[in-house]
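Topology and contacts: notes
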Amino acid sequence: MTSPLPANDPSALTARLQETDLRHHMHPFTDHQEMTLEGGPRVITRAEGACLFDSEGNRLIDGMGGLWCVNMGYGRSELLDAAAAQMRELPYYNTFFKTTTPVAAELAADLARVTPAGLDRVFFANSGSEANDTNIRLARSYWARLGRPERRAIISRKFAYHGSTIAAASLTGLESMHDIPGVPIPDIHHAPAPFWWAEGGARSPEEHGRHAAQGLEEMIRAVGPENIAAFIGEPVQGAGGVIVPPPGYWEEVQRICARHDILLIADEVITGFGRTGNWFGCETYGIRPDIMTVAKGLSSGYLPISASIFGDRLAEVLMERPGRFPHGYTYSGHPVAAAVARANLALMQRERIVERVRDEIGPYFLEKLRSLLDHPLVGELRGVGLMAAVELTRDKTGRAPVEPVGSLATPVRNLCFARGLVTRAVRDCLVFSPPLIISEGEIDEAVGILRGCLDAVAGSLGDRG
Ligand code: PXG
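Every chain begins its residue count from 1, and numbering advances along the sequence as written. Totals for whole chains, interfaces and linings use all residues, but because this is a predicted model, local features are given only for residues with pLDDT of at least 70 and pairs of side-chain atoms are given and counted only at 80 or more. Heavy atoms from the whole structure form the basis of all side-chain values; hydrogens and water molecules are not counted.

1. As for the overall build of the protein
- Across its full length, the protein holds 16 helices and 15 strands.
- We call two residues in contact whenever any of their non-hydrogen atoms come within 4.5 Å of each other. Taking the contacts inside the protein whose residues are at least 6 apart along the sequence as the reference set, 70% of them involve residues at least 24 apart.
- With 46 positive and 56 negative side-chain charges, the protein shows a spacing of 3 Å between the two charge centroids. Here a helix means four or more residues in a row that DSSP labels H or I, a strand means two or more in a row labelled E, and each is numbered from the N terminus. We score Asp and Glu as negative and Lys and Arg as positive, and we do not count His or the chain ends. Charge positions are represented by NZ for Lys, CZ for Arg, CG for Asp and CD for Glu.

2. Considering the domain arrangement of the protein
- Where each domain begins and ends follows an automated or database-derived domain assignment. Annotation of the protein at the domain level lists domain 1 (42-75 + 353-464) and domain 2 (77-350).
- For domain 1 and domain 2, the distance between their C-alpha centres works out to 26 Å.
- In this assembly, 35 residues from domain 1 lie in contact with 35 residues from domain 2.
- Buried area adds together the accessible area that both of two parts lose upon being put together, with accessible area traced by a 1.4 Å probe. For the pairing of domain 1 and domain 2, the buried interface totals around 2800 Å² over both sides, and the portion due to carbon and sulfur atoms is 59%.
- The largest per-residue losses of area from domain 1 upon contact with domain 2 belong to Trp68, Met387 and Arg399, which jointly make up 26% of the total buried on that side.
- For salt bridges, the criterion is a side-chain nitrogen of Lys or Arg within 4 Å of an Asp or Glu carboxyl oxygen. Our enumeration of links across domain 1 and domain 2 arrives at zero salt bridges.
- At the level of elements, helix H3 (65-68), helix H14 (353-370), strand E11 (378-384), strand E12 (387-392), strand E14 (424-426) and strand E15 (429-432) are the ones that each hand at least two residues to the side of domain 1 that touches domain 2.
- It is E11 that provides the largest number of residues to the side of domain 1 that touches domain 2, a total of five residues.
- Gly is placed with the polar residues, together with every amino acid not listed as nonpolar (Ala, Val, Leu, Ile, Met, Phe, Trp, Tyr, Cys and Pro) or charged (Asp, Glu, Lys and Arg). Tallied by class, residues from the side of domain 1 that touches domain 2 come to 19 nonpolar, eight polar and eight charged.

3. Let's talk about the packing of H14 against helix H16 (residues 440-461)
- Lines fitted to C-alpha atoms define the axes here, with helix axes fitted over just the stretch in contact, and angles between the N-to-C directions of these axes take values from 0 to 180 degrees. Put simply, H14 and H16 touch, their axes get as near as 10 Å, and they point 20 degrees apart. One way to sum up the angle between H14 and H16 is to call them roughly parallel. Seen from above, H14 lies across H16 with right-handed handedness. When H14 is examined against H16, the residues Ile361, Tyr364, Phe365, Lys368 and Leu369 are found in contact with a partner set consisting of Glu440, Ile443, Asp444, Val447 and Leu450.
- The residue makeup of the contact of H14 with H16, split by class, is seven nonpolar, no polar and three charged. Any angle that is under 35 degrees is reported as roughly parallel, and any over 145 degrees as roughly antiparallel; angles of 65 to 115 degrees are reported as roughly perpendicular and all others as oblique. Definitions for this section: a left-handed crossing has its near helix turned counterclockwise from the far helix by less than a right angle. A right-handed crossing has that turn clockwise.

4. Digging into the pairing of strand E7 (residues 228-233)
- With respect to burial, E7 is a largely interior element, six of its six residues being buried.
- Between any two strands, pairing holds if DSSP finds at least two bridges. Two strands pair when backbone bridges link them, and strand E5 (residues 153-157) and E7 are joined in this way by three bridges, in the parallel orientation. Opposite Ile155, over in E7, you have Phe231 as the bridge partner.
- With four bridges joining them, E7 and strand E8 (residues 263-267) adopt parallel strand pairing. Only protein chains enter the accessibility calculation, which uses a 1.4 Å probe. A residue is then buried if its area is under 20% of the maximum for its type, exposed if over 50%, and partly exposed in between.

5. Describing the site of the ligand
- Close to the ligand lie 16 residues, the nearest being Trp68, Gly128, Ser129, Asp267 and Arg424.
- Residue Trp68 places a side-chain N or O atom 2.8 Å away from an oxygen atom belonging to the ligand.
- Pairs of N or O atoms are called polar contacts if they sit within 3.5 Å, as long as, within protein, a hydrogen donor faces a hydrogen acceptor (for residues adjacent in sequence, only side-chain-to-side-chain pairs). Here an oxygen atom of the ligand and a side-chain polar atom of Arg424 are 2.5 Å apart.
- Accessible surface area values rest on a Shrake-Rupley calculation with a 1.4 Å probe, where residue burial reflects the displayed protein chains alone. Its free accessible area being 540 Å², the ligand has 85% of it covered by the protein chains.
- Those elements giving two or more residues to the shell around the ligand turn out to be H3 and helix H6 (128-145).
- With three residues, the single largest contributor to the shell around the ligand is H6.
- Shared between two domains, the shell around the ligand holds at least three residues of each, these being domain 1 (42-75 + 353-464) and domain 2 (77-350). Note on terminology: near, applied to a residue and a molecule or strand, indicates that one of the residue's heavy atoms is within 4 Å of it.

6. Topic: the packing of aromatic side chains
- A pair of Phe, Tyr and Trp rings is counted when the ring centres sit within 6.5 Å of each other, with Trp represented by its six-membered ring. The angle between the planes then sorts it: under 30 degrees is stacked, over 60 is edge-to-face, the rest tilted. One pass over the full model with this rule turns up eleven aromatic pairs.
- On the basis of an interplanar angle of 80 degrees and a centroid distance of 5.0 Å, the ring pair of Tyr142 and Trp143 is categorised as edge-to-face.
- Owing to a relative accessible area of 5%, Tyr142 belongs among the buried residues under this scheme.
- Residue classification places Trp143 among the buried positions, given a relative accessible area of 3%.

7. A few points about the sheet that holds E7
- The seven strands are arranged E4-E10-E9-E8-E7-E5-E6 in an open sheet whose pairing can be described as mixed. Both edges of this open sheet fall to strand E4 (121-125) and strand E6 (188-191), since each of them pairs with a single strand only. Going across the sheet, the axis of each strand differs from the next one's by a mean of 20 degrees, ignoring polarity.
- Sheet contacts for helix H5 (residues 102-114): E4 and strand E10 (306-310); angle to E4, the most-contacted strand, approximately 125 degrees.

8. Considerations on the layout of surface pockets
- A pocket here means an open set of points on a 1 Å grid, computed over the protein atoms alone, that has protein on both sides within 12 Å along at least five of seven lines. A cavity is instead a set of points where a 1.4 Å probe fits but cannot get out; residues with an atom within 4 Å of a point line either one. Grid points are joined across faces, edges and corners, and a volume is the space filled by probe spheres set on the points. Approximately 800 Å³ is the volume found for the second largest pocket.
- What lines the second largest pocket is a set of 26 residues, among which Thr95, Phe96, Phe123, Phe325 and His327 lie closest to the centre.
- Of all the secondary-structure elements, those providing two or more residues to the lining of the second largest pocket are H5 and E4.
- If you tally residues by element for the lining of the second largest pocket, the top one is E4, at four residues.
- Grouping the amino acids of the lining of the second largest pocket by side-chain chemistry returns 15 nonpolar, eight polar and three charged.

9. Quick look at unusual backbone geometry
- Here the residue pair Val183 and Pro184 is connected by a cis peptide bond, since its omega of 0 degrees sits within 30 degrees of zero.
- Residue placement: Pro184 occurs in the loop between helix H7 (166-171) and E6.
- Here the bond from Glu403 into Pro404 is cis, since omega is -15 degrees, no more than 30 degrees from zero.
- With a phi angle near 40 degrees, Val242 is a residue other than glycine that sits in the positive phi range.
- Here Val242 lies in the loop between E7 and helix H10 (249-259).
- Residue Val242 is classed as buried on the basis of its relative accessible area, which comes to 0%.

10. Thoughts on the packing of H5 against helix H13 (residues 335-350)
- Where H5 contacts H13, the axes come no closer than 9 Å and their chain directions differ by 35 degrees. Along this stretch, H5 crosses H13, giving a crossing that reads as left-handed. Facing Val103, Ala104, Glu106, Leu107, Asp110, Leu111 and Val114 of H5, the residues of H13 in contact are Pro335, Ala338, Ala339, Ala341, Arg342, Leu345 and Gln349.
- The class makeup of the residues in the contact of H5 with H13 is ten nonpolar, one polar and three charged.

Pasting the structure below:
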């Protein structure tokens, strides 16, 4: 035990917390040596609306909505009240062995209502990674029970992010995540992504979309469609750098999966619940998946909950025949998380948040970010709804990669943080995914801070203007 924290001295409080944290806490995706040299982690103490406050009292606009998840914003009393009421009534019971709880049953029905027609069966988990792990089992079990156990390969894509468990990290198409022996697990393949800026060469974005879809089909033929269980893709690749698919790409992918009878899994962990201006990215891109992964925005990040959602095709084989699915998590359908998710869906509907993203704040946000295209360091603005990437470059027309990787976006990102805006650097783009309740004023402020930071970094490079 350490001595009591100093109540009225923010710097002393911060130093104490940093010291405690450095000694005992291992963080995800963190270089601890670097963090130690910098004096320790940043300490976020509270939040309201679209803003965070750190232990020194500084206000930051949360341009990332936590980690792409706090869709309805911080401090929503409706969600707190739902959690408290459920904790009093029934804080925990499981959904194993033919048992349910009212709130888990009702949430499954709510999800069947808000998801596209045909997706009406729900398997609960706690994180996007777990739900994608579940999806591998669902897809492989489906084929095995149809007498086709050799259909076990899963095709994912480069730049994909599907999570961090061993199976989800294997689906992920970022090489840095495969830096552990045994990852990726066997039978996972990564097809090209429709990433025009980095890989499109002289093709138009649409041509590059077709090219990437062709690459998927070539991979399917190489692996053998008779060996493939499923294809998994995010409607818009988020953590890989908000890679917005060009028109025609998803139609082609959909056709290819149908032609080879491959299950299509849409990972909507980021794109679900209004992020792209529709309830689901599948609606924005005309995707008709067999399985959908949801997490994050389902509870606006207030509690961990995720789900795999599917329709009759899988249900007929996995639910309407004898035999059980040997899989589940202690907290599958956790009542308190489910209560918060139900309250969150109700709040989304009451505030017509999806319509707001589609018609008002999404277009405003993208237009404001687009105004940065005149900046010497800004090469491209990609976005849909309230998710976007500002691609930084020193070669606006040739699109040559930034060397070394990260040398533009990382300093801009660090300066933004110091000046009151949270964004994330992915290679040399800055990604944004603010709460869906962010105001126009906060967007103006965020873009103003970003422009100032771009100017400062351009100035320090000596290539302003
Ligand atoms: N699928 C997608 C599309 C995701 O974006 C996951 C699955 C995994 O979810 P869990 O709940 O297991 O983390 C994600 C998560 C980043 C970042 O830095 C992105 C995610 C998570 C953490 C950091 O961009 N996405």
